[in-house]
Structures are given as structure tokens and as C-alpha cells.
Amino acid sequence: MIVTKNLEKSFNDEAVLKGVSLEISDGEFVSIMGKSGSGKSTLISIIGGFLKPDKGEAYVNDRCLINCKENELAELRCTELGFVFQAFKLIPTLNVIDNILLPLTLSHKDTKENREYVMSLVKELEIEDMLKKLPSQLSGGQCQRVAIVRALSYKPSIIILDEPTGALDTTMEEAVMKLLARINKEQGTTIVQVTHSERVASYGTRIIKIKDGKIDE
Ligand SMILES: Nc1ncnc2c1ncn2[C@@H]1O[C@H](COP(=O)(O)OP(=O)(O)OP(=O)(O)O)[C@@H](O)[C@H]1O
Ligand SMILES: [Mg+2]
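Calculation notes
Residues numbered from 1 in each chain as written. Chains lettered and ligands numbered in written order. Predicted model: local features only at pLDDT ≥ 70, side-chain atom pairs only at ≥ 80, totals over all residues. Heavy atoms only, no water. Donors = N, O, S within 2.8 Å, 3.2 Å for Na, K, Ca; no water. Helix = DSSP H or I, 4+ residues; strand = E, 2+ residues; numbered from the N terminus. Buried < 20%, exposed > 50% of the residue type's maximum accessible area, 1.4 Å probe, protein only. Pairing = 2+ DSSP bridges. Contact = heavy atoms within 4.5 Å. Axes fitted to C-alpha atoms, helices over the stretch in contact; angles between N-to-C directions. Core = buried A, V, L, I, M, F, W, Y, C linked by side-chain atoms within 4.5 Å. Phe/Tyr/Trp six-rings, centres within 6.5 Å; stacked < 30°, edge-to-face > 60°. Lys NZ or Arg CZ within 6 Å of the ring centre and 35° of its normal. Salt bridge = Lys/Arg side-chain N within 4 Å of Asp/Glu carboxyl O.

Trainee: Which residues make up the coordination of the magnesium ion (ligand 2), and what values go with them?
Mentor: Around the magnesium ion (ligand 2), the protein contributes the donor atoms Ser41 (OG) and Gln86 (OE1), which lie 2.1 to 2.4 Å from the metal centre. Note that serine 41 is positioned in helix H1 (residues 40–47) and glutamine 86 in the loop between strand S6 (81–84) and helix H3 (96–106), a separation of 45 residues in sequence. Judged by its relative accessible area of 24%, serine 41 falls in the partly exposed class. We classify glutamine 86 as partly exposed; its relative accessible area is 41%.

As C-alpha cells, then:
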């Protein structure tokens, strides 16, 4: 469950979020849409615990993010919450498979069973030939798929993705969206994705629009 209450955030005196309140229930598949610069990444960065709002409240699975310590947030991100950044944020010094396994390693869950699950995702998104490469040796779309597998690897109950198919061709876009829809359906995973694409948004069950720093009802 994700809840925000009256979130406000400004950068350099420019108000980006002007009171954003929303509720996303367990098992929902939500698409957040809105113009470039409207505050979509800012909003999900707050929900992911990467950014503090100036005012307002944010809760993930009943945990108040505003008061959370950095180590609690780090733990949350290896267990309950998966996050795919618009800029992927792979670790440049780790190869693909070590990037993917990092959350499982950090949370001491690099088991045979979990590795098998990871390898099934690797296969599904066609990155098995890149496992020993460094992120700098990959294309944008390849990095994007690695970041998605990394976020799914530990079966978090919530996955937040910032334009998850922005760097992909239509075939891979479909593969990613089908994977997300299946995980949503079969594992009951809550999915929150930011997208500019009506086609990508249509895989979800609800659209939240952001306009002028507020939810556009
Ligand atoms: N760290 C920051 N420092 C200063 N300004 C920022 C920062 N992050 C975001 N902004 C500004 O806040 C506004 C909203 O940015 P945000 O990244 O949330 O937009 P967005 O809706 O995700 O856009 P896009 O669709 O282009 O990704 C923009 O005007 C941006 O310049
Ligand atoms: Mg953005």
C-alpha cells in the first residue's frame, strides 16, 4: 500500500509538487502520466524514499518514509520495494550479473532458488549474452532491461518504474510489459510505472495524471 498526503516539493523556489495526495492499494497496476517536467520522477523518488518532500507525508506498507533512517530505506529497497530509475543507475564497476544479484547478495538471499528465478527473467528479457559485461559496454535498452531484472530479482511487493520502456524497441517493450502484467497478476505485485506512452499505460488498470503540480482528477 502506498499513501501520500499533501506532498509539496520545490527546487530553487520553483514549486514542482503542490499538494499531491494519492492512495495505491496492494495489487494495483498504476500508470502515472503527465507532461515532461510535470514532476512525475520527483513524485516517485519521494515514494521510493530517495527524496524528502518539503511538506506532506508518504507511507509505503505502513512505514512512514519521512522519518525512516537511511539503513531502513536501504533494507526496504532490497526487500519490499523495487525501483527502476529513468537513468537506470547500474553500478559501473560491477558486471551485469553482479549488478542484478546485488540486492539478493545484500539481503543474504542469493539462494539456488532465487538464482533460478533471476535466470528465468534474464532469459525472458534476452540479456543472457551480456552477463559478464560492464554497464558501459551495453546499449541504453540493454541497461534498461538489466535494471528491470535487478528490481524484480528479489520479488518485491511493490515495483516502481520510471519510463521502463523508454529505451526499448516495440518487441522488447511488449516483452517487458507482458512480464510486468504477469507478475502483477500471478504474484499480486503492486506496479507503479511512469510513462508517456498510451500503449504502455494500457497494460495497467488505472491512470494517475499529474498537471501543474497536482493530481489531475
Ligand atoms: N534535483 C533537482 N534540482 C533542481 N531541479 C529539479 C531537480 N529534479 C527535478 N527538478 C525540476 O523539477 C521539475 C520536475 O522534474 P521531474 O524530473 O520530476 O519531471 P518529469 O515529470 O519526470 O519529466 P520527464 O517526463 O521529462 O522525465 C523540472 O522542472 C525539473 O527541472
Ligand atoms: Mg521523469
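Alright, that's what it looks like, and here's the rest.
Trainee: Provide a residue-level description of the sheet that holds strand S3 (residues 29–33), including the pertinent values.
Mentor: The mixed open sheet is built from six strands, whose spatial order is S6-S7-S8-S3-S9-S10. Edge positions in the sheet fall to S6 and strand S10 (214–215), since each of these pairs with one other strand and no more. Alignment of S3 against strand S8 (residues 190–194), held across four bridges, turns out to be parallel. Directly across from phenylalanine 29, in S8, lies its bridge partner isoleucine 191. On the sheet, H1 packs against S3, S6, strand S7 (158–162), S8 and strand S9 (206–211) and is oriented at approximately 155 degrees with respect to S7.

Trainee: Now, about the nonpolar core: what can you tell me, with residues and values included?
Mentor: In terms of nonpolar packing, the biggest core is built from 38 residues, with Ile100, Leu152 and Leu180 touching the most fellow members. Elements supplying a minimum of two residues to this core: H3, helix H4 (112–124), helix H5 (140–152), S7 and helix H6 (170–187). Aside from chain neighbours lying at most four places away, what touches leucine 180 is Phe29, Leu152, Leu161, Ile191 and Gln193. Judged by nonpolar contacts, the second largest core, of 28 residues, contains Leu76, Phe85, Ile158 and Val192.

Trainee: Lay out the packing of aromatic side chains in plain terms, naming residues and giving numbers.
Mentor: Summed over the entire model, instances satisfying the criterion amount to three aromatic pairs. Members of the aromatic cluster, joined through ring pairs, are Phe50, Phe83 and Phe85. If you follow arginine 77 out to its NZ or CZ, it ends over the ring of phenylalanine 50, 4.0 Å from the centre. Here the guanidinium or amino end of lysine 89 rests over the ring plane of phenylalanine 85, the centre of that ring lying 4.5 Å away.

Trainee: Mind laying out the pattern of salt bridges, listing which residues take part and the relevant values?
Mentor: This model, assessed by the stated rule, comprises ten salt bridges. Among the ionic pairs, lysine 112 bridges to glutamate 116, the shortest N-O distance being 3.4 Å. With lysine 112 and glutamate 116 both in helix H4 and four residues apart, the pair spans about one turn of that helix. Accessibility expressed as a relative area gives 66% for lysine 112, which makes it exposed. The salt bridge involving arginine 182 is made with glutamate 186; its shortest N-O contact spans 4.0 Å. Of this pair, arginine 182 and glutamate 186 both sit in helix H6, four residues apart, roughly one helical turn. Take arginine 182: its relative accessible area is 34%, and that puts it in the partly exposed class. Residue class for glutamate 186 comes out exposed when judged on its relative accessible area of 61%. Several salt bridges converge on common partners, so that one network encompasses Glu124, Arg182 and Glu186.

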